[in-house]
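Coordinate inspection notes
This is what each chain is made of:
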Amino acid sequence: MAEALPSPTLTDLGLTYAEAIPQQVPTPVCLGAILEEDPEPSGELEVESPGVDLLPMLHAFDSHFHLDRARRKLRLQKDASMREVEDAIPVTSKEYALSMSGVAVPEVAGFGEVGIDHTVRSPDLWFRQEQQLRSLLPCTRPRQALILHIQGLRDDPTGLEAYMRCLDVVRKMVPPEQKIQLHCFSGTEEVIQAWLTRFPNTCFSVSRMVSKFNDAQRHGVKCIPSTRLLIETDAPYYSVSPEFPCSAPHLVDHTARRISQIRGSSVCLGYWS
């Protein structure tokens, strides 16, 4: 399924991917030893008084969600707007509420998601997945982002085998300058380096799965260059709280805050207008 964004959004994405984020903010007091002691977000981030060390700021927006599936999950009309999705999952605190409005769709910005999913047990399906991937890759255009879905075996949370297998397929059919988004990324530093070596324009999109990452995966999150890091909700999946029926783009802050804790940075939440 192709994903589309308006031209102003494409410009913003290009700037996000291409430029380092220079802003700095004071160190949040809840950081430090977070990886060893707190596997879940610890709540609001308080800011110390001026004079403490400054950390880079993490700008956050939702890079991947399924509007059609969120509508079905919330039992909304099939043409319901993003605003109606937000209204169906009300957030009372202004600190956590992000605003999104419907946008026009003048051109396709991404191609996907396609890829390899080895959570299915049958090797026959793996072969058919690769066949389909090879048949679709020639359709990718240089101006588009290739959005890849990659998941490993159920007993391999980092998905090392699947990421490397997909890289072997894609590298033979896609030019090195291709823009790539690794959707729902869960890999390690080894995977990050391998993809960036072959495809320097790869972005690693981290979802709410980050809350359950092991040590190797958390280290991987810290190793993603700031200009290559994306954040996604993958809505309607990965609900952030039992009180919400599903996830949605305006709840991306829950993922952003967890990533900022792992990376030792603060977070600046963005929104489409």
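Rules used throughout
- Residues numbered from 1 in each chain as written.
- Predicted model: local features only at pLDDT ≥ 70, side-chain atom pairs only at ≥ 80, totals over all residues.
- Heavy atoms only, no water.
- Helix = DSSP H or I, 4+ residues; strand = E, 2+ residues; numbered from the N terminus.
- Buried < 20%, exposed > 50% of the residue type's maximum accessible area, 1.4 Å probe, protein only.
- Contact = heavy atoms within 4.5 Å.
- Areas by Shrake-Rupley, 256 points an atom, 1.4 Å probe, with all protein chains shown as cover.
- Pairing = 2+ DSSP bridges.
- Right-handed = clockwise from strand over helix to strand, strands pointing away.
- Salt bridge = Lys/Arg side-chain N within 4 Å of Asp/Glu carboxyl O.
- Axes fitted to C-alpha atoms, helices over the stretch in contact; angles between N-to-C directions.
- Left-handed = near helix turned anticlockwise from the far one by under 90°.
- Nonpolar A, V, L, I, M, F, W, Y, C, P; charged D, E, K, R; others polar.
- Phe/Tyr/Trp six-rings, centres within 6.5 Å; stacked < 30°, edge-to-face > 60°.
- Lys NZ or Arg CZ within 6 Å of the ring centre and 35° of its normal.

Looking only at helices and strands, the protein has nine helices and nine strands in total. Considering the protein as a whole, with its 273 residues, one finds that 47% of them fall into the buried category. Residue pairs in contact within the protein that sit at least 24 positions apart in sequence constitute 75% of those at least 6 positions apart. Here the protein has roughly 13,700 Å² of accessible surface; of this, 53% comes from carbon and sulfur atoms.

Before going further, it helps to examine the pairing of strand 7 (residues 202–206). In regular strands, side chains alternate between the two faces of the sheet. Among the five residues of strand 7, five are classified as buried, and the element is accordingly described as predominantly covered. Relative to strand 7, strand 6 (residues 179–183) runs parallel, the two sharing three bridges. Bridge pairing in strand 7 links Leu182 to Phe204. In the sheet, strand 7 pairs with strand 8 (residues 229–231) via three bridges, with the strands oriented parallel. Looking across to strand 8, one finds that Val206 is bridged to Ile231. Note that the unit made of strand 7, helix 8 (residues 215–223) and strand 8 has a crossover that is right-handed.

This paragraph deals with the pattern of salt bridges. Enumeration over the complete set of coordinates arrives at six salt bridges. Across the pair Arg165 and Glu130 runs a salt bridge, and its minimum N-O distance is 2.7 Å. With a gap of 35 residues between them, Arg165 in helix 6 (residues 160–171) and Glu130 in helix 5 (residues 123–136) connect regions that are remote in the sequence. Residue classification places Arg165 among the partly exposed positions, given a relative accessible area of 28%. One salt bridge connects Lys172 with Asp168, and the closest N-O pair in it is separated by 3.6 Å. Among the residues examined, Lys172 registers a relative accessible area of 60% and is labelled exposed. A single salt-bridge network, built from bridges that share partners, covers Glu130, Arg134, Arg165, Asp168 and Lys172.

Direction vectors running N to C along helix 5 and helix 6 enclose 35°, while the axes themselves pass 10 Å from each other. Judged by the twist between their axes, the crossing of helix 5 over helix 6 is right-handed. Facing helix 5, whose interface residues are Glu130, Leu133 and Arg134, helix 6 presents Arg165, Cys166 and Val169. A breakdown of the residues in the contact of helix 5 with helix 6 according to their chemical character gives three nonpolar, no polar and three charged.

Bringing the packing of aromatic side chains into the picture now. Evaluated as defined, the whole model comprises three aromatic pairs. Arranged with centres 5.0 Å apart and planes meeting at 65°, the rings of Phe185 and Phe204 form a pair that is edge-to-face. Of this pair, Phe185 sits in the loop between strand 6 and helix 7 (189–198) while Phe204 sits in strand 7, and the two are 19 residues apart along the sequence. In this pair, the class of Phe185 matches that of Phe204, namely buried. With a centroid separation of 6.0 Å and an interplanar angle of 35°, the aromatic rings of Trp195 and Phe199 are classed as tilted. Here Trp195 matches Phe199 in class, with each residue buried. Linked through ring pairs, Tyr163, Phe185 and Phe204 together constitute an aromatic cluster. Over the ring of Phe199 we find Arg198, and its NZ or CZ is 5.7 Å from the ring centre.

Keep in mind these values describe shape, not function.
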